[in-house]
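Fold and contact review
Residues per chain are reported as follows:
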Amino acid sequence: MSKYNFYYDESEHSRKINYKTVSASNYYDNFVTMIVGWSVEKDYILQRHASFETKYADRKDRNGEIKSTMFIKKQFKYGFASLNKQNAQFANDFLALFDEDIHICFSVSSKIEYLVLQVFQGYRNSFLVDADLMKYSITKALVMYRRQEIIKCLYESPEDFLEELKKFFRDKIECNKNNSELKQAETMAFQEILLVLDEISDAPELDWDYHMPFGRFNKYLQEKDIQNYSLIIDKEGESEKESKTLKSAREIGLDNSDEADSTEHPGLRMADMMAGIISKL
């Protein structure tokens, strides 16, 4: 049975969830995780990546790495079309490293959705209410309309959050009356949300939970029938202390997980670059 080495990194992650983070002018709602990997028999992948980094050695940072921070978001304003010739060639050469022998498993999670899921974690589907649809509708409304008063409540006065949320949906229902035919579906969803908000009273605890992307990856391994593997996570935080990321991976059941520095593992740099490109696109 072949062994597979996988590498994990992430992009657009705010280590602390707070109001300053979510209300910042450069705020990006999605948190992207990326895992890439291949069979140990496919050593040519590392050789090709080494040649790629040699070709673009002038783009290495002070640590001798080529990381996704070399791209800035505005360069992707119109997707790949807005890249200049040099960056377009760089991106093309990087993406050309990936073929059918490389496994890619990534997730894109809304930060606001994550907060909403925590607020409504005790609410389950019933015969009368589709709680999953309700959570989705609330998330979509907050991301689309960015009502600052609601987001601020999450951090500064969570006890007022539900009342502020109700006020928001009442205001939107009233506003939708000006275009009732076009907004009919949205209004109905908001009315249903208002019917159940009174049943929820717990204030949220706001801290990142990393189990979700690893749960998905664990299912990916099962689908691919990959049992012999290692997962290397890009090390963050204090060197002598296990990160919450690593702990979450192991709690999900990914026992063959560990942390390492990206300077020592080219696979981590590949995961970083791919995550960065996806998030900026």
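Look up a bit, the structure's there.
Residues numbered from 1 in each chain as written. Predicted model: local features only at pLDDT ≥ 70, side-chain atom pairs only at ≥ 80, totals over all residues. Heavy atoms only, no water.

**Focus on the pairing of strand β1 (residues 4–11)**
- Among the 8 residues that make up β1, 8 are buried, leaving the element largely enclosed by the rest of the structure.
- Along β1, one buried face is formed by Y4, F6, Y8 and E10 and the opposite face, lined by N5, Y7, D9 and S11, is buried too.
- Relative to strand β2 (residues 30–39), β1 runs antiparallel, the two sharing 8 bridges. Across the sheet, the residue bridging to N5 is W38, located in β2.
- Alignment of β1 against strand β4 (residues 229–234), held across 5 bridges, turns out to be parallel. Within the sheet, the bridge partner assigned to F6 lies in β4 and is L231. (Buried < 20%, exposed > 50% of the residue type's maximum accessible area, 1.4 Å probe, protein only. Helix = DSSP H or I, 4+ residues; strand = E, 2+ residues; numbered from the N terminus. Pairing = 2+ DSSP bridges.)

**Observations concerning the side chain of D9**
- Mapped onto the fold, D9 is located in strand β1.
- Those residues in contact with D9, other than ones at most four positions away along the chain, are V32, T33, M34, D234, L268, A271 and D272. (Contact = heavy atoms within 4.5 Å.)

**Details of unusual backbone geometry**
- The backbone of D225 sits at a positive phi, close to 55°, despite the residue not being glycine.
- Tracing the chain through its elements places D225 in the loop between α9 (211–224) and β4.
- Classification of D225 by relative accessible area gives exposed; the value is 54%.

**A look at the sheet that holds β4**
- Overall, mixed pairing links the 5 strands, which are arranged β3-β2-β1-β4-β5 in an open sheet. Since the sheet does not close on itself, it has two edges, and those belong to β3 (103–110) and β5 (257–260), each with one partner. Sheet twist, expressed as the mean angle between neighbouring strand axes with direction ignored, is 20°.
- Docked against the sheet, α9 engages β1, β2, β3 and β4, running at close to 150° with respect to β3. (Axes fitted to C-alpha atoms, helices over the stretch in contact; angles between N-to-C directions.)

**Some thoughts on the packing of aromatic side chains**
- All told, the structure shown has 16 aromatic pairs when counted by the stated rule.
- Residues F52 and F90 carry aromatic rings whose centres are separated by 5.1 Å and whose planes lie at 50° to one another, so their mutual orientation is tilted. One end of the pair, F52, is in helix α2 (residues 44–55); the other, F90, is in helix α3 (residues 85–95), with 38 residues separating them in the sequence.
- A relative accessible area of 6% means that F52 is categorised as buried.
- Using a relative accessible area of 0% as the deciding quantity, one classes F90 as buried.
- With 4.9 Å between their ring centres and 75° between their planes, Y56 and F90 make a pair best called edge-to-face. In this pair, Y56 is assigned in the loop between α2 and α3 and F90 in helix α3, connecting sequence segments 34 residues apart. For the pair Y56 and F90, one class covers both residues: buried.
- Three or more aromatic residues joined by ring pairs make a cluster, and in this case those are F52, Y56, F71, F76, F80, F90, F94 and F98.
- The ring of Y145 is capped by K172, whose NZ or CZ atom sits 3.9 Å from the centre of that ring. (Phe/Tyr/Trp six-rings, centres within 6.5 Å; stacked < 30°, edge-to-face > 60°. Lys NZ or Arg CZ within 6 Å of the ring centre and 35° of its normal.)

**Section: α2**
- Here α2 spans 17 Å end to end across 12 residues, near enough to the 16 Å set by a 1.5 Å rise per residue.
- Contact partners of the buried residues in α2: β2, α3 and α11 (266–280). (Expected span 1.5 Å × (residues − 1).)

**Some words on the nonpolar core**
- V36, F94 and F98 are the most contacted members of the largest nonpolar core, which totals 27 residues.
- Mapped by element, the contributors of at least two residues to this core are β2, α2, α3 and α11.
- The biggest single contributor to this core is α11, with 7 residues.
- Ignoring anything within four residues of it in the chain, the contact list for F98 reads V36, R48, I104, M270 and M274.
- Formed by 24 residues, the second largest nonpolar core is a distinct cluster that contains I138, F161, F168 and F169. (Core = buried A, V, L, I, M, F, W, Y, C linked by side-chain atoms within 4.5 Å.)

**Comments concerning the packing of helix α5 (residues 131–145) against helix α7 (residues 161–176)**
- Packing of α5 against α7 leaves a shortest axis separation of 12 Å and a crossing angle of 75°. It follows that α5 is roughly perpendicular to α7 by the angle criterion. Between α5, through I138, A141, L142 and Y145, and α7, the contact on the second element is made entirely by L165, F168, F169 and K172.
- Looking at the contact of α5 with α7 residue by residue, the classes come out as 7 nonpolar, no polar and 1 charged. (Parallel < 35°, antiparallel > 145°, perpendicular 65-115°, else oblique. Nonpolar A, V, L, I, M, F, W, Y, C, P; charged D, E, K, R; others polar.)

**Re the environment of A141**
- Take A141: it is sitting in helix α5.
- Using a relative accessible area of 3% as the deciding quantity, one classes A141 as buried.
- Linking A141 and K172, residues 31 residues apart in sequence, is a C-alpha distance of 9.6 Å.

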